[in-house]
Amino acid sequence: MRGLGAADTRPMTQSVQAQQPGQPQHLDPVATELVVEEVLGARIPVFANRHRALHEVLAASVEHGERPYIVTLEGRLSFAEHARRVSSLAQALREEHGVRPGDRVAIAAANSQAWIETFWATVSIGAVAVGCNAWWAPRELEHALQLTRPTLVVADEKRRAQLPSTLAVLAIESDVDRLATAHPDAPLPSADVAEDDPAVILFTSGTSGRPKGAVHTHRNLCSVLGFHRHNDAVAAAFGDPTAPQDKVYLLAMPLFHVGSLHNLTVPRLATGSTVALHLGAFDPARVLQLVQDARVTHWGAVPTMANRLLEFDRVRDYDTSSLYAFALASAPSSTAFKERLRSHLPFAGALVDSYGLTESCTAVAVATPMDVAEGSGTLGTPVIGVEMEVRDPFGEVLPPGEEGEICARGPGLFLGYAAESDNAECFDDDGFFHTGDVGQRTAEGAIVFTGRIKDLINRGGEKISAKEVEDLLHTHPGVLEAAVEGRLGRGPAPHSHRQSRRGAFRRLDLPPAPHLPAGLQLSQRRNVQRAMLEL
């Protein structure tokens, strides 16, 4: 993990004004003011007005009273009741289960209200919430638990069956509700933690090897709050008539993903807005029913979900008129795919795209609806507080138009990986994280993503982007997803693949490969597809 090193004394490479061209000058300074401070040995821009720890966010949320924090098709939970339940649960974790600051509490379960309550109770007493991927095979869950060594595991029935008997386990379906009501007069929890103390561990699969645990700090998550408050301020300055506390955000991705946990669950508690929580596997009909009933205003969807909506022929049977902000997240999408979304979905007219990673906690670059409409293929410009550079293999910064590795630095960038062996060369001496993604910057400062370093194909000295070929294949109406890889030798590849809209692989000279689960995000599916190409 990162430690203290030589401070970076170079001037900031961007400003708030540079990130929002033409923005009004009457933005709320409380939400937008940046100062430069030393963080883990590097001088970086941070929000001047910020929470220093997550228990402060919980304490401040009681001001929202009886307004709804979480709504589902089955019920609702107010901010006040959430604070009472989390306070009781936090006291039980301390007194009955011996959870202390710095201890790990693993959550291995599908999305639920209890998942969110367990998260807040854990981080508010200074412990570290470990979000386990609910899609993991038993060996992957075992690896994560061995890596993080939790004091306690909170799991649903399906995951409990995979746990060794030596672990202390709470049933999320029953024990959490019992403990959340056991101490009705419990005070709001707090802990003596520093901004750069660990708060969360989430896992990222990468292109090879076992899942890596990305360690996120209180500073990381509180900086995400600042990013969302800044977005609200910019929206208001440009005439958005909806106040932050009146916005409703759909949460349909898993809570072990930064898109749902860091960018929905956490900032909504701070801004007083509502989380519309979809329960169960992604089902277009139930999701759209929730959009209609909860009057959802904002939805950040992964491309796989958007594909499911394109295939669902009853989208217009539901009232989605409240939904005015629809964004693509997690995996970069082709221009052709975005065009299909705008043509087929009534709420995708003002489409937003973004670029981020598990390691960055939130987006590091955002493409506005104007950027997306231009069809330039950029992922937009760096968000407030984030510096981005494109570097060559020797670490030198490349000029606009030249392709290299995308690097990012900012208060949201993670502390490091849980396994020290995974941290080699992921940060440089200046505090920039080397993403492993390839791209270039335009003259205007926008980021163009071209693929992963491992996805570049070297043909006679010429570098070919696998993503570029995949994007071209995606323009064909008969192709839902595609994976491209290079092969050594002069002849044709020994086999090729195509996934039709029926969802099954077609292999020319090998038996059909197994069907990929519909829940996988596009980037994960590409990794699986490329792994299959090696069979």
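Source: prediction; values computed, not measured. Every chain begins its residue count from 1, and numbering advances along the sequence as written. Whole-chain, interface and lining totals are the exception, using all residues; otherwise, since this is a predicted model, local features are given only for residues with pLDDT of at least 70 and side-chain atom pairs are given and counted only at 80 or more. Each side-chain value is derived from all of the structure's non-hydrogen atoms; neither hydrogens nor water enter the calculation.

Engineer: Mind laying out the pattern of salt bridges, listing which residues take part and the relevant values?
Structural biologist: In what follows, salt bridge is the name for a side-chain nitrogen of Lys or Arg lying within 4 Å of a carboxyl oxygen of Asp or Glu. This structure, assessed with the given rule, holds 23 salt bridges. Asp430 is the salt-bridge partner of Arg391, the closest N and O atoms lying 3.9 Å from each other. Here Arg391 is found in strand 18 (residues 387-391), whereas its partner Asp430 is found in the loop between strand 20 (416-417) and strand 21 (433-441), with 39 residues between them in sequence. Salt bridges here are not isolated pairs; linked through shared partners, they connect Glu37, Arg50, Arg52, Glu195, Asp196 and Arg219. Numbering of helices and strands starts at the N terminus; helices are DSSP runs of H or I of at least 4 residues and strands are runs of E of at least 2.

Engineer: Explain the packing of aromatic side chains to me, using residue names and the numbers behind them.
Structural biologist: Working definition: an aromatic ring pair is given by the centre-to-centre distance plus the angle between the planes. The rule is short: rings of Phe, Tyr and Trp, with Trp giving its six-membered ring, pair when the centres are within 6.5 Å, and they are stacked under 30 degrees, edge-to-face over 60, tilted in between. Under the definition given, this model contains 12 aromatic pairs. Seen from their ring centres, Phe414 and Phe427 are 5.4 Å apart, and the 35° between their planes marks the pair as tilted. Within this pair, whereas Phe414 is found in the loop between strand 19 (404-409) and strand 20, its partner Phe427 is found in the loop between strand 20 and strand 21, the two being separated by 13 residues in sequence. Each member of the pair, Phe414 as well as Phe427, is classed as buried. Here the aromatic rings of Phe427 and Phe433 are separated by 5.5 Å at their centres, their planes lie at 50°, and the arrangement is tilted. Note on accessibility: Phe427 and Phe433 belong to one class, buried. Over the ring of Tyr249 we find Arg268, and its NZ or CZ is 3.7 Å from the ring centre. The ring centre of Phe432 lies 4.7 Å from the NZ or CZ of Arg391, which sits over that ring. Burial classes follow relative accessibility: with a 1.4 Å probe on protein chains only, a residue under 20% of its type's maximum area counts as buried, one over 50% as exposed, and anything between as partly exposed. Over a ring means this: the NZ of a Lys or the CZ of an Arg is within 6 Å of the ring centre and within 35 degrees of the ring normal.

Engineer: Outline unusual backbone geometry, listing residues and values.
Structural biologist: Phi angles above zero are rare outside glycine, and Leu40 is one such case at about 50°. Within the secondary structure, Leu40 is located in the loop between strand 1 (34-39) and strand 2 (42-47). One non-glycine residue, Cys361, lies in positive phi territory at about 70°. Tracing the sequence through the fold places Cys361 in the loop between strand 15 (352-356) and strand 16 (363-367).

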